[in-house]
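One-letter residues, chain by chain:
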Amino acid sequence: MSDQLVPLRLPPVVPGRRIVGYSAVLLPHTDTAEVDWDGFESLLGRTLGAGLIPAVNMDTGYVQLLTEADRTRVLTVAVSLAGAGGFAAGAFVADGEGDAYDHDAYARAMAEVSEAGGTPVLFPSWGLAALDEAEWVAAQERLGSGVDRFIAFELGDMFVPYGRIYSLDAYRGLMGIPSCIGAKHSSLSRQAEWARLALRNEVRSEFSVFTGNDLAIDMVRYGSDYLLGLSAFAPDAFAERDRRWAAEESSFDELNDLLQYLGFFAFRPPVPGYRHDAAMFLKLRGWIDSDATPVGAPQRPDADREVLADIAGRLTDVL
């Protein structure tokens, strides 16, 4: 079997641990498919108010569909509300299948986030994914030398066609980069993440494994922190769940199970459709005015609203 599937050792459950939560923030849109900037500021404020660290210009924020001007405006809004050092943001390079890796473009994207006061999240691209594993680690190291801190990113191809999950040898190399504070892992595989946690515990204990597994959000039991799209639906509920874990309250499981039900429903294939479910859910909660999505984003059927409304009602009951 692949080393992606066989953990070095199943990490122990860590009760009472303080979980570090980065929450991707949806970039809402109006019924005329324009960015709802007031809605975005409100969602960002709610994320901060819950005590989570917002992550902007990520997949949840439609970074692949934004203009350069809108990506820059997102950063401006983020630093105005979160302050320098108070948020993360995708360092995104738009390229196409067959394009070569563009170091200079990535260095500029990393610098833009860092200079705005955010922690860059090294977003994948066709060119970056085309590198072999040694080249991929070397590229991360070279880019990392230009910033104080950054978060690496493994993303499965169920999210984007240029996503890639790397071997444990490559992951070990990543942990050797001083400015890399952690890596978001979005394979949707428990075993692959368990293997990374076991390796982290042996090699570099302060390195953060940020789970991106929206189908197994209880990976925080084993020492993962998180950088999730699912938490964009309910940052208040995730913050409360995390508090219950730190306090070793048995009601953690009830809340976690409900949030996991939401994750299984929203992150069904085609997975990118979860963003439309997020917009529906946030509108149902009264947090945004429209559940519209930008042109080019996958849509969910209208019937999703009934299921989402039921989950929203249950969430109110357990909070």
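A. Quick peek at the nonpolar core. Grouped together as the largest cluster of nonpolar side chains are 72 residues, with contacts concentrated most on Phe40, Val56, Phe233, Phe281 and Leu315. In this structure, Phe281 is in contact with Phe233, Ala234, Leu262, Leu308, Ile311, Ala312 and Leu315, ignoring residues within four places of it in sequence.

B. Structural context of the pattern of salt bridges. Under the defined criterion, the tally for this structure stands at 18 salt bridges. The salt bridge partner of Asp304 is Arg268, with a shortest N-O separation of 2.9 Å. Of the two residues, Asp304 is situated in helix 11 (residues 304-318) and Arg268 in the loop between helix 9 (251-266) and helix 10 (274-284); the sequence distance between them amounts to 36 residues.

C. The arrangement of helix 3 (residues 103-116) in detail. Compared with an ideal rise of 1.5 Å per residue, which puts 14 residues at 20 Å, helix 3 spans 20 Å between its outermost C-alpha atoms and is within 8% of the ideal. Taken residue by residue, helix 3 has His103, Ala105, Tyr106, Ala109, Met110 and Val113 as its buried positions. Viewed along the axis of helix 3, the buried residues span an arc of 165 degrees, placing them on a single side of the element. Those residues of helix 3 that are exposed and angled more than 90 degrees off the buried face are Arg108 and Glu115. You can read the cap of helix 3 off the contacts: a side-chain oxygen lies 3.3 Å from the backbone nitrogen of Asp104, and it is on Asp102. One or two steps after helix 3, the chain reaches Gly117, where phi turns positive at roughly 100 degrees.

D. A look at the packing of aromatic side chains. Tallying each qualifying case throughout the model produces 13 aromatic pairs. Their ring planes at 15 degrees and their centres at 4.2 Å tell us that Phe267 and Tyr274 sit as a pair that is stacked. What makes Tyr274 buried here is its relative accessible area of 3%. The ring of Phe265 is capped by Arg268, whose NZ or CZ atom sits 4.6 Å from the centre of that ring.

E. Broad picture of the side chain of Arg241. One can find Arg241 in helix 8 (residues 235-246). Given the relative accessible area of 0%, Arg241 is considered buried. Sequence-distant contacts of Arg241, defined by excluding residues within four places in its chain, comprise Ile217, Asp218, Val220, Tyr226, Phe252, Leu255, Asn256 and Leu259.

F. Quick peek at the packing of helix 10 against helix 11. Two elements in contact, helix 10 and helix 11, have axes whose closest approach is 9 Å; the angle formed by their N-to-C orientations is 55 degrees. The angle between the axes of helix 10 and helix 11 places the two elements in the oblique class. Here the hand of the crossing between helix 10 and helix 11 comes out right-handed. Taking contact as the criterion, the partners of His276, Asp277, Met280, Phe281 and Leu284 in helix 10 are, on helix 11, Asp304, Arg305, Leu308, Ala309, Ile311, Ala312 and Leu315.

G. Up close: the packing of helix 5 (residues 133-144) against helix 6 (residues 168-175). One way to put it is that helix 5 packs onto helix 6 with a least axis distance of 9 Å and a crossing angle of 15 degrees. Taken as axis vectors, helix 5 and helix 6 run roughly parallel relative to one another. Of the two elements, helix 5 crosses helix 6, and the hand of that crossing is right-handed. Each of Glu133, Trp136, Val137 and Gln140 in helix 5 lies in contact with helix 6, whose residues at this interface are Ala170, Gly173 and Leu174. Within the contact of helix 5 with helix 6, the residues separate by chemical class into 4 nonpolar, 2 polar and 1 charged.

Reading guide: rules and limits
Residues numbered from 1 in each chain as written. Predicted model: local features only at pLDDT ≥ 70, side-chain atom pairs only at ≥ 80, totals over all residues. Heavy atoms only, no water. Core = buried A, V, L, I, M, F, W, Y, C linked by side-chain atoms within 4.5 Å. Buried < 20%, exposed > 50% of the residue type's maximum accessible area, 1.4 Å probe, protein only. Contact = heavy atoms within 4.5 Å. Salt bridge = Lys/Arg side-chain N within 4 Å of Asp/Glu carboxyl O. Helix = DSSP H or I, 4+ residues; strand = E, 2+ residues; numbered from the N terminus. Expected span 1.5 Å × (residues − 1). Arc of directions from axis to C-beta. Polar contact = N/O pair within 3.5 Å; in protein donor to acceptor, adjacent residues only side chain to side chain. Phe/Tyr/Trp six-rings, centres within 6.5 Å; stacked < 30°, edge-to-face > 60°. Lys NZ or Arg CZ within 6 Å of the ring centre and 35° of its normal. Axes fitted to C-alpha atoms, helices over the stretch in contact; angles between N-to-C directions. Parallel < 35°, antiparallel > 145°, perpendicular 65-115°, else oblique. Left-handed = near helix turned anticlockwise from the far one by under 90°. Nonpolar A, V, L, I, M, F, W, Y, C, P; charged D, E, K, R; others polar.

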